[in-house]
Every structure is written in C-alpha cells, then in structure tokens.
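Listed here are the chains, written in short residue letters.
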Amino acid sequence: MSTTTSIRGRIWHLVDARDRTLGTLAQRISIALRGKYKPTWHPSDDIGDYVVVINARHIKLSGKKDTDKKYFWHSRWVGHLTELTHDEFKADHPNGPLKKAIYGMLPKNNLRRVHFNRLKVFSDDDHPYAQNIMRDYEREAAIAALAAAENPPSSTSGEK
C-alpha cells in the first residue's frame, strides 16, 4: 500500500457509543467522517472515512438533558411545529439523537450528505460491517491500557 493510498484511502472506524457523552462523541465522529485528521485534508476534498457506531441507544447526556433537551421540526404548515423531549425522541428513534447531533456538526454545503452517508449507526452490537473494520477504538484503548499497566514508566531523575 503506497503512502498516497493510505492517506487518501477510506478507513472503516468502529465506535462503541455505550455510556459515551453525546456531544463529544458526535464531534469526534464528524471529524473522522470529514477526514480532518489526515495531513492532506482540504475543505473542498472528499477524503473522509466510514464510521460504524454500535450501541447508539445506550448513549448518555450530561446534566438534566434527558428530560430538558427538546427536539423541534416544522412541516412548513401553519401550526405544525413538532416538539419532543430527548427521552420521547429516543424511544421512537434509538439512533436519532446521535444522527441528528452528527448531522448538525457537518459543514452546511454540498458535501454534507456525502459525508453523512458514510455513517452507519446501529442501536445494538450487531452490524454487517465486521469484515471492513480497520480501526476499533475500544480495542486499541484496552490494549494501550494493558501495555501501560504491564510496563510502568521508570522513574529516573536527571540529578546526580
């Protein structure tokens, strides 16, 4: 694999949303969808990656947002403003709050839908993209934690 292919190629990321905060997770996913972490990123280039999110129904909000946060949309007919709390919206659409947050963090231009179509959200652990996954953030974090526990940093002082 050449350097250009590894930079420009699309990587499949697996993100476990269980007990993660909605806004922080949505922000990091939107960066991966756009490819902003790549050294060749440019706003007009489409070099983003695929992101598979599992356990989206188990996402959490900080504070009292479960009951206080409201979602609004309008049908453009007089008096047709729909308002739902986070709990009501999540009961009807388990993946809805995460998708709505990520969609709102993508740029408001022609690439928005292109980036958003690379997002695959599942409310539980099951997904059909296991063979495509190249980066599993949960597994990488667990391996790093085990390596840090096995090899604690040596405390050497520069003084003699």
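Residues numbered from 1 in each chain as written. Predicted model: local features only at pLDDT ≥ 70, side-chain atom pairs only at ≥ 80, totals over all residues. Heavy atoms only, no water.

Q: How do you make sense of the packing of aromatic side chains when you look at a structure like this?
A: For any pair of aromatic rings, geometry is given as the distance between the ring centres together with the angle between the planes. Under the criterion given, the structure shown has six aromatic pairs. With a centroid separation of 4.6 Å and 40 degrees between ring planes, the pair formed by Y71 and F89 is classed as tilted. Placement of the pair is Y71 in strand β3 (residues 70–74) and F89 in helix α4 (residues 86–92), with a sequence separation of 18 residues. The same class applies to Y71 and to F89, which are both buried. Plain terms: the ring middles of W73 and F89 are 6.0 Å apart, the flat faces sit at 50 degrees to each other, and that makes the pair tilted. Taken together, the residues span a long stretch of sequence, with W73 in strand β3 and F89 in helix α4 at a distance of 16 residues. (Phe/Tyr/Trp six-rings, centres within 6.5 Å; stacked < 30°, edge-to-face > 60°. Helix = DSSP H or I, 4+ residues; strand = E, 2+ residues; numbered from the N terminus. Buried < 20%, exposed > 50% of the residue type's maximum accessible area, 1.4 Å probe, protein only.)

Q: How should the side chain of T85 be read in this particular structure?
A: Note on placement: T85 falls in strand β4 (residues 81–85). In this structure T85 comes out as buried when scored by relative accessible area, which is 17%. What T85 contacts, discounting residues up to four positions off in sequence, is T67, K69, K70 and Y71. (Contact = heavy atoms within 4.5 Å.)

Q: Explain the environment of P107 here, please?
A: With respect to the element layout, P107 can be found in the loop between α5 (96–105) and α6 (112–116). Of the residues examined, P107 reaches a relative accessible area of 18% and is grouped as buried. When the C-alpha atoms of P107 and P43 are compared, they prove to be 9.2 Å apart, with 64 residues separating the residues in sequence. With sequence-adjacent residues up to four places away left out, P107 is seen in contact with R34 and R112.

Q: What should I look at first to understand the nonpolar core in this one?
A: Proteins that are soluble and globular tend to have nonpolar side chains buried together. Formed by 23 residues in total, the largest nonpolar core has its most connected members in I29, V51, V53, L98 and L119. Within the residue set of this core, elements represented by two or more residues are α2 (22–34), β2 (50–54), α5 and β5 (119–121). Looking at this core element by element, the count peaks at six residues for α2. Those residues in contact with L119 that sit more than four places away from it in its chain are I29, L33, V51, V53 and I102. (Core = buried A, V, L, I, M, F, W, Y, C linked by side-chain atoms within 4.5 Å.)

Q: Help me understand the side chain of H115 in this model?
A: Structurally, H115 can be placed in helix α6. Residue H115 is classed as buried on the basis of its relative accessible area, which comes to 2%. When residues no more than four places from it in sequence are discounted, the contact partners of H115 are L33, R34, D46 and L106.

Q: Looking at this structure, I do not really get the environment of L84. What am I missing?
A: Structurally, L84 is set in strand β4. Here the alpha-carbon distance between L84 and K69, two residues 15 residues apart in the chain, equals 8.5 Å. Those residues in contact with L84 that lie beyond four places of it in its chain are K69, K70, Y71, W73, F89 and D92.

Q: Where do I start with the pattern of salt bridges in this structure?
A: In a structure, side chains of opposite charge can pair up when their charged atoms sit close to one another. Summed over the entire model, instances satisfying the criterion amount to five salt bridges. A salt bridge links R118 to D46; the nearest nitrogen and oxygen atoms lie 2.5 Å apart. Here D46 lies in the loop between α2 and β2 and R118 lies in the loop between α6 and β5, a separation of 72 residues in the sequence. Through salt bridges that share partners, R10, D46 and R118 make up one connected network. (Salt bridge = Lys/Arg side-chain N within 4 Å of Asp/Glu carboxyl O.)

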